[in-house]
Amino acid sequence: MADKEATVYVIDLGLSMGDCHNGRAESNLDWGMRYVWDKITTTVAASRKTWTVGVIGVRTDETNNPLQEQVGEGYENISVLRGLGPMNLNEMRSLQALINPSSTQAGDSISAIVIAIEMIENFTKKLKYKRQIVLVTDGEGCVDPDDLDEISSKIKGCGIELVVLGIDFDDAEFGFKEEDKSSQKKANEGLLKDLVDKCDGLYGTMAEAIDELEIPRIKTVRPYKTYDGPLTLGNPAKHEDAMSISVERYFKTHKATIPPASRVVMKTEPSPSQAPEGGEMEGVEPTPTFAAVKNARTYKVNDPEAPGGKRDVEFESLAKGYEYGRTAVHISESEHNITRIETTKCFTILGFIPQQKYDPFLNMGETCVTVPQRFNDAAALKLSSLIHSLQELETYAVARIVTKDMKEPSLILLAPHIERDFECLYDVPLPFAEDVRNYQFPPLDKVVTVTGKTIVKDHRLLPDDELTEAMDDYVDVMDISHWAKDEDGNRNLEYAAVEDVFCPPLHRINQVVRHRAIYPDQPLPPVPAVLLKYSNPPEDLAAKAKSRLEDLIAEAKVKKVPPKAKGRPTKGHKTQPISGLDVDALLSRPENKHDTIDPENAIPGFKQMVEGAGNEPKIEDAAKQMGDIIRTLITDSFGDVKYDQALEDLGVLRDYMVKWEFPDLYNSFLRDLKTRLLSGELGGDRRDLWYQLKGARATLGLIDKNTPGPSTVTPEEAEEFFQK
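Within any chain, residue numbers begin from 1 and follow the written order of that chain's sequence. Whole-chain, interface and lining totals are the exception, using all residues; otherwise, since this is a predicted model, local features are given only for residues with pLDDT of at least 70 and side-chain atom pairs are given and counted only at 80 or more. To get the side-chain values, all heavy atoms of the structure are used, and hydrogens and water are removed first.

**Q** So what exactly am I meant to see when it comes to the environment of E620 here?
**A** With respect to the element layout, E620 can be found in helix α17 (residues 616-636). For the pair E620 and F662, spaced 42 residues apart in sequence, the C-alpha separation works out to 8.7 Å. Only DSSP runs of H or I with at least four residues qualify as helices, and only runs of E with at least two residues qualify as strands; both kinds are numbered from the N terminus onward.

**Q** Would you mind showing me how to read the environment of Y129 here?
**A** For Y129, the position within the fold is in the loop between α4 (109-124) and β4 (130-137). C-alpha separation for the pair Y129 and M243, spaced 114 residues apart in sequence, amounts to 43 Å. Any pair of residues with heavy atoms lying within 4.5 Å of one another is described as a contacting pair. Those residues in contact with Y129 that lie beyond four places of it in its chain are K4, E5, A6, T50, F123 and T124.

**Q** What is the right way to look at the pattern of salt bridges in this model?
**A** Opposite charge on two side chains permits pairing when their charged atoms draw close. A carboxyl oxygen of Asp or Glu within 4 Å of a side-chain nitrogen of Lys or Arg is what we treat as a salt bridge. A complete count under the given rule lists 32 salt bridges for this structure. In this structure, the salt-bridge partner of R687 is D685, at a minimum N-O distance of 3.0 Å. Several salt bridges share partner residues, and in doing so they unite D170, K177, E178, K181, K185 and E189 into one network.

**Q** Just checking my understanding: could you explain the sheet that holds strand β2 (residues 51-58) for this structure?
**A** What holds strands together in a sheet is hydrogen bonding between their backbones, with the strands either parallel or antiparallel. For two strands to count as paired, DSSP must find a minimum of two bridges between them. Reading across the sheet, the six strands line up as β3-β2-β1-β4-β5-β6 and stay open at both edges, with mixed pairing between neighbours. The open sheet has two free edges, formed respectively by β3 (78-85) and β6 (202-205), since each of these has just one partner strand. On average, each strand axis in the sheet is tilted by 15° relative to the strand beside it, whichever way the strands run. Here β2 runs beside β3; their pairing, made up of five bridges, is antiparallel. Along β3, the bridge assignment pairs V58 with I78. Interaxial angles span 0 to 180 degrees and are taken between N-to-C directions of axes, which are lines fitted to C-alpha atoms, for helices over the stretch in contact. Packing of helix α6 (residues 183-198) onto the sheet brings it into contact with β4, β5 (160-166) and β6, and relative to β6 it is tilted by some 145°.

**Q** Please clarify how the packing of aromatic side chains should be interpreted in this entry.
**A** Each aromatic ring pair is summarised here by two numbers: the centre-to-centre distance and the angle between the ring planes. Ring pairs are drawn from Phe, Tyr and Trp, using the six-membered ring of Trp, whenever the two centres fall within 6.5 Å, and their geometry is named by plane angle: stacked under 30 degrees, edge-to-face over 60, tilted for the rest. Enumeration over the complete set of coordinates arrives at 12 aromatic pairs. Where Y495 meets Y534, the ring centres are 5.2 Å apart and the plane angle is 70°; that geometry is what we call edge-to-face. Placement of Y495 in the loop between β23 (491-493) and α11 (504-518) and of Y534 in the loop between α12 (529-532) and α13 (539-544) is noted, with a sequence separation of 39 residues between them. For Y534, a relative accessible area of 24% gives the class partly exposed. Through a chain of ring-to-ring contacts, three or more aromatic side chains come together here, namely W690, F721 and F722. Two limits define a charge over a ring: the Lys NZ or Arg CZ must be within 6 Å of the ring centre, and within 35 degrees of the ring normal. Residue placement shows R24 over the ring face of W31; its charged tip is 3.9 Å from the ring centre. The ring of F721 is capped by K674, whose NZ or CZ atom sits 4.7 Å from the centre of that ring. Relative accessibility thresholds used throughout: buried, under 20% of the residue-type maximum; exposed, over 50%; partly exposed, between the two (1.4 Å probe, protein chains only).

**Q** I would appreciate a short explanation of the side chain of T343 in the present structure.
**A** Considering the arrangement of structural elements, one finds T343 in the loop between α8 (333-339) and β15 (346-354). Under the rule applied, a polar contact is a pair of N or O atoms within 3.5 Å (in protein, one hydrogen donor and one hydrogen acceptor; residues adjacent in sequence only if both atoms are side-chain atoms). A polar side-chain atom of T343 sits 2.7 Å from the main-chain carbonyl oxygen of K407. Look past the residues within four positions of T343 in its chain and what remains in contact with it is R400, V402, K404, D405, M406, K407 and P409.

**Q** Help me out: how do you make sense of the nonpolar core in this one?
**A** Most often, soluble globular proteins have nonpolar side chains that are buried together. What we call a nonpolar core is a set of buried Ala, Val, Leu, Ile, Met, Phe, Trp, Tyr and Cys residues that are connected through their side-chain atoms within 4.5 Å. Formed by 40 residues in total, the largest nonpolar core has its most connected members in F606, L650, L653, M657, L673 and L693. If you list the elements that add at least two residues to this core, you get α16 (602-611), α17, α18 (643-659), α19 (663-679), α20 (687-695) and α22 (715-721). Once you skip the residues sitting within four places of it in the chain, L650 turns out to touch I630, Y666, F669, L670, L673, L693 and L700. Core analysis: the second largest hydrophobic core is formed by 33 residues, I56, V143, F169 and L192 among them.

**Q** Looking at this model, I keep getting lost on the packing of α18 against α19. Mind explaining?
**A** A pair of packed helices is characterised by two quantities: the angle between their axes and the separation of those axes. Contact geometry for α18 and α19: axes closest at 8 Å, N-to-C directions at 150°. With respect to their mutual orientation, α18 and α19 come out roughly antiparallel. Crossing of α18 over α19 shows left-handed handedness. In this structure, α18 uses L650, L653, R654 and M657 to contact α19, whose residues at the interface are P663, L665, Y666, F669, L670 and L673. In terms of residue class, the contact of α18 with α19 is built from nine nonpolar, no polar and one charged. The labels follow the angle: roughly parallel below 35 degrees, roughly antiparallel above 145, roughly perpendicular from 65 to 115, and oblique for the rest. What makes a crossing left-handed is the near helix being turned counterclockwise from the far one by less than a right angle; a clockwise turn instead makes it right-handed. Throughout, the ten residues Ala, Val, Leu, Ile, Met, Phe, Trp, Tyr, Cys and Pro are labelled nonpolar, Asp, Glu, Lys and Arg are labelled charged, and all others, Gly among them, are labelled polar.

What follows is the structure, encoded as structure tokens:
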């Protein structure tokens, strides 16, 4: 059953709450309501009917409470602004209009607490509730010290938590003390603190409460059971000595989802013919400015005889089809059920592997925890034996699990975990063969030459001993495992512990939504510092490691790469390389000059020939040769084997024709290529390559006037080129 909460906020609305103190630009009331509104918006966002809120105003101009009507005196200038109950956004906006400083100083905060006790007691009765009263006051009003013992006993007897937050109240632990405090406020602080101490409540200054608002609040999540049944080793139905343990499995880690945004529309006054039938959408709260959007989906098929060439079809008439190449294969619903693997609910161990032979990168997803069935001592003893056996043998178990009948099976790895008062099995999903990506990368500790020779040192791509030592020193000095300070100022705590690192997008969106719900016309607040704390290394740690970093840069000979020059290269001017070598002189040697492009090394050869060309005919010749190579690749391609290489060459050809301002050469080639592709001249039907070109029209299409250069093709002509 969902948890139930009943919270009553007692707000001091006296005349003094409209003043500004301690250099603040906002009034005491507005400043204190920051905390109250944050708590109320959190309750509204949860949208739980069992989380109820009530609000009482003390030191109000009017008197509106049930005890004044019953008793007749002692409860003046106290108003119930909202009775206990669930709250939505519209009700919160209505409440905002009632929270304003009054023109009186009369009203007793202790009496308002008594009314709050009465409200909670009448609403919750003897049911299981989390009960709380929050008093926000500046302590300038009168406080009746009579009957504090009786009131505190009533609060404890009802199981109510009393929280008193004072505007500019003294707090030695927080380090705040107000100067020139009035004698009445000083006395009231003592009375309220005495009341809180007697009923074991919470007492603090508002400054501390507001500072803590920036710390994200982790949503309390109830345990979600993913499996409940036997954990087996062997088949208990066939073998008497098979193991069977009654267990329960829950999520241990589960990704917190970022709240999505729903589509709404600004409300306008509808005409009678546009009035919606049936009113607002079910489950969507109406607001004065927005209306929910209703989605409708239609399905159409091509039909030459229908108006417009398309005909609507009903959803029930649709069938499932699986993509097969460029077509679809139909499988009927009856056949679809047959093709599904029939599985039954089970959780069985398949075998065991040593811990050192398991690769951590095989973890496929979220972690779950397996514990013995509740109130089953025999299951707890059996599972404890299994856990201790795995721990002592340094072994993991591999298990197959099906959480429900007809669910897809999965393989998981079970790891033992033992604490002083808690034992369990943690599990992570394992990949199937299709899930593993095997990529080949060159080794980092050696270089293998084209002749097969292996080099392990004294090579420009391998670090020497000095560089390795410099990197080791830098890694050691950047260690954050013991960088955070404890209460005594000693660095022996972990920096960036998991419980201290919050998801910035999740909490930023929640913060912005709460702020906009309270203040729809104000600008958004800045990002809290706690969300950006771990965006960069600690400044003091970075300063400490600066010298090591400089040594590492010097040993690695790191040099700054100049920014890439924009625009067309200036003729006669070449960028000087970092190495200082005269590349032009090397390439201008007769043995390095080539008048033809090698098809096996087309892109580097084309670039070298264009950049070394001294006149336009040379560039035209290079473009012609590159075009011939692209046509040959397409013609000789078996299926689409060489399509990627041809498209890469085509992209380089286009980039260089743009760079050297010869768009007509590329455009004429692309028009010719289209004709040859669609006519089947390049090795048969190559229309699938043409479809790929259409998909990459932004990078491989005609060079139009939107591209810098002397092109004569308009953007409309470039788009029409792919339509015909």
